[in-house]
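Each chain is listed here by its residues.
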Amino acid sequence: MAVLSSLLSSSARLLALSRLRFWELAGLKRITWLSLSVHRCYTSDTSISSADHLSSGIERYKDLQKYFYKRLKATYRRFSNIPDYSVVCGHHHVYFIEGDGIYRMDQRQSEPEPEQVLNLGQVPGQEEKTELVNEERKQRFQWIVQRIRLSPQEKHLAATLKTTLSEEPRCVVVKLGRRNSPLLDPPHVIMTLDKVLSFEWATDEVLFYTTLEGLRCSRVFRLDLTSSGSRVTSVYEETHPDVFVEVALSRDRQIVSINCNSRSSSEVLLIDGTTSHLEPLLVQPRQLDLLYHVEHWRRSLIILANTGPGQEYQVVQASLSEPSMVSWVPLFTPGSDTVLKDMDVVGDHIVLVARTPAGELALIVVPLTDPKEAYAVQLPCWACSIQTKTPGLADQRSVFEFLISSPVRPPMPYCLYPADGLLLSGTKDGSPPEMQGGYTTTRLEACSQDGSSVPVTLFHSVSMEGLKQAPLLVHVYGAYGRDLNMEFCPEKRLLLEQGWALAYCHIRGGGERGLSWQRQARVEGKQRGVEDLRACLHHLFSSGVSSPSLTAVTACSAGAVPVGALCNTHPHMMRAVTLQAPFLDVLGTMEDPRLPLTLEDREEWGDPVENPKHRLTISSYCPLHNITPQCYPSVLLTAYSGDARVPLSGVLKYAKQLKNAIHAHFTMKPKSENEPTPNTVLNIQPGSNHLGPEDFELMLDEEALTLAFLYTELGLDPPRPPRRRKR
């Protein structure tokens, strides 16, 4: 599916679950500009040893952490067999990832045996003896498969690999031979390419790819595989420092697009794979505040562009021979308050993922032969996330296959046949997915300070009337127009099973209610996101959901900004906070134009150097620069020593100032019996992955510490598994 690439991405935590993997979040999804640039970039020379005195607070949670580690491992095993789309289908083979490499099986055989296509142990770089130390365990250098692409006639395979120690991916090109025929050229690596991020085959011999330099893609290259060897030539180079470039393939596999996107503009070039010259064709030159994404249908372009009312997305059509904006013809404009989130072309139909005014996901089908006959397909009310299956090389069916999930419901397979509107569920027992699990999804609306309604999605296992004494975990993000991640998460399911309520606050700055929802909380409007979060908490409490003493708030990266700001102004509204790779020094980062993403991020946060109003606004909410002596909630800060996107130095400064402020508060005002002493815990992990460890065991360790922290700080007894009856 065209995940709107650089325009509408949903960043997900990349989990390397090896053979225990229950779904693939990273390997086959299109890596997008937004998933790279939404997070702060900063290089820091601060060493781990300088933070040792701040990390001592972890010890008090160790015993409970070990307990939760076992519980989490058992929970993940429970969901080890749920469906995913990690298998890649060729004409006659299916390709899949195992721990030591990539394998394939011949579907024409009655009892196919797996054949190894790529052995990760033989990829250059594996011989490096670099070690990653975490407590008493050592993790050796290892490759992790991210994405797989097959050439049109299945002659070649390309795959990007990433190590646990670096964010720079490597692309491996494999020549695919005939099975069990060593004399007829078995599969073997013919070349490797460094720092490759996105890549697509135009023909069996031509691969287009982008390279990653300093967390930015600006160049597109063309690899030609010839009988005499290979040749790499430069195709495109972007000169604007705030533009990120990627390549993508249309669903019908006829067009390769070069997508050049900034936060406020788009420019797309097309490469027609059905012709021999393969020269890029410009669709529409970059224009301020124009965002668009292109798909292909019968020599026409189907374009999702923000040319609709209020600069929201609508669908337009243009000829491949005359693709510019003056030739765009409107095909479909959604109704009021319905927001288009994604687009795909399936057969002779457009399938749009939309969010309704009630905040629910729905599909809108637009017949390309008669757009006026568009119709909506309602999805289960609990659906919060959708993942689409990419059709195989030989797949000519006009069917839209996808998975829907929520943070507490595992992915469920569905098939939509657009021609007749038939929606089929793939559950084994035939029962509707909404009847499985026994958990309730409630959608609320909080009234913010300026009267705006802010959506809140609440998950709970008992009725609303029974949630007064329930512990509450609140999730928030609210930046860059990105929706809050609501994919299935086993640890959230575990909390729900133990009586927790889980709230997801869709504050302004995110994208849940369209592009205007982001625009309202950019630059001088950033304070609105903080006000929205406060309103969400107040509404939950006034609705009978939990209480401040039983409430924790969690966020990652830029989501730490509204959380940290609220902690400074209303610390009494929560008892605990967990922040992962948190962006906390907005003012200091935006003041330094030498940092890789500061110039482009000023469109989101403002320019405190040249604009006094921007400086005043940032200074009013910046978490680090507004810490004051008072009783804060307990805070767990998880950071990574080599994180290239969030400054470790800023996290260390925040932890130090927070501890000093708390100490000053209790020095001036002795602690009362009813006022618990907050703890500031800094958990610095080795590694450079901004999204957390990809190693399964390390990921479990981190999640177990978070649960131990939450239970301890909220004063909860740890849950005990049911006892087994003796026979």
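Calculation criteria
- Residues numbered from 1 in each chain as written.
- Predicted model: local features only at pLDDT ≥ 70, side-chain atom pairs only at ≥ 80, totals over all residues.
- Heavy atoms only, no water.
- Pairing = 2+ DSSP bridges.
- Helix = DSSP H or I, 4+ residues; strand = E, 2+ residues; numbered from the N terminus.
- Axes fitted to C-alpha atoms, helices over the stretch in contact; angles between N-to-C directions.
- Parallel < 35°, antiparallel > 145°, perpendicular 65-115°, else oblique.
- Left-handed = near helix turned anticlockwise from the far one by under 90°.
- Contact = heavy atoms within 4.5 Å.
- Salt bridge = Lys/Arg side-chain N within 4 Å of Asp/Glu carboxyl O.
- Buried < 20%, exposed > 50% of the residue type's maximum accessible area, 1.4 Å probe, protein only.
- Expected span 1.5 Å × (residues − 1).

K.L.:
Looking at this model, I keep getting lost on the sheet that holds strand S3 (residues 101-106). Mind explaining?
P.N.:
One key point about sheets: their strands pair by backbone hydrogen bonds, in either a parallel or an antiparallel sense. Pairing is antiparallel in the open sheet, where four strands are placed in the order S1-S2-S3-S4. Where the open sheet ends on each side, the last strands, each with one partner, are strand S1 (88-89) and strand S4 (115-119). Pairing of strand S2 (residues 93-98) with S3 involves six bridges; the strand directions are antiparallel. If you follow isoleucine 97 over to S3, its bridge partner there is isoleucine 102.

K.L.:
Explain the packing of helix H2 (residues 62-78) against helix H11 (residues 696-713) to me, please; I cannot follow it from the model alone.
P.N.:
Geometrically, a packed helix pair is captured by the angle between its two axes and the distance between the axes. At a minimum axis separation of 8 Å, H2 and H11 run at an interaxial angle of 120°. Viewed along their axes, H2 and H11 adopt a mutual orientation that is oblique. Of the two possible hands of crossing, H2 and H11 adopt the one that is right-handed. Two secondary-structure elements touch here, H2 through Leu64, Gln65, Phe68, Tyr69, Leu72, Lys73 and Tyr76 and H11 through Phe696, Glu697, Met699, Leu700, Asp701, Glu703, Ala704, Leu705, Leu707, Ala708, Tyr711 and Thr712.

K.L.:
Help me out: how do you make sense of the pattern of salt bridges in this one?
P.N.:
Should the charged atoms of two oppositely charged side chains come close, the side chains can pair. As enumerated under the stated definition, the model contains 30 salt bridges in all. Close ionic contact of glutamate 591 with arginine 615 constitutes a salt bridge, the shortest N to O distance being 2.4 Å. Pair noted here: glutamate 591 is in the loop between helix H7 (586-590) and helix H8 (598-605) and arginine 615 is in helix H9 (residues 612-621), with a separation of 24 residues, a long-range link. Take glutamate 591: its relative accessible area is 31%, and that puts it in the partly exposed class. Connected via shared salt-bridge partners are Asp450, Arg508, Arg528 and Asp532.

K.L.:
Teacher, can you tell me more about H2 here?
P.N.:
Residues spaced three or four apart along an α-helix point in a common direction, a consequence of the helix completing one turn every 3.6 residues. With 17 residues, H2 should cover 24 Å at 1.5 Å per step; its first-to-last C-alpha distance of 25 Å lies within 8% of that length. Those residues of H2 not exposed but buried are Lys62, Leu64, Gln65, Tyr67, Phe68, Tyr69, Arg71, Leu72, Thr75 and Tyr76. Check the buried side of H2 and you find it contacts helix H3 (490-497) and H11.

K.L.:
Hey, could you run me through the pairing of strand S38 (residues 680-685) in this one?
P.N.:
The two faces of a sheet get side chains in turn, since along a regular strand they alternate between them. Counting buried positions along S38 gives six out of six residues, so the element sits mostly inside the fold. By the alternation rule, side chains of S38 split into Thr680, Leu682 and Ile684 and Val681, Asn683 and Gln685, which are all buried. Taken together, the six bridges between strand S37 (residues 634-640) and S38 define a ladder with parallel strand orientation. By the bridge assignment for S38, valine 635 is matched with threonine 680.

K.L.:
Looking at this model, I keep getting lost on the sheet that holds strand S17 (residues 266-272). Mind explaining?
P.N.:
Here we have four strands laid out as an open sheet, ordered S15-S16-S17-S18, and antiparallel in their pairing. Only two strands of the sheet have a single partner each, and these edge strands are strand S15 (244-249) and strand S18 (281-282). Where S17 meets S18, two bridges bridge the pair, whose relative direction is antiparallel. Looking across to S18, one finds that leucine 269 is bridged to leucine 282.

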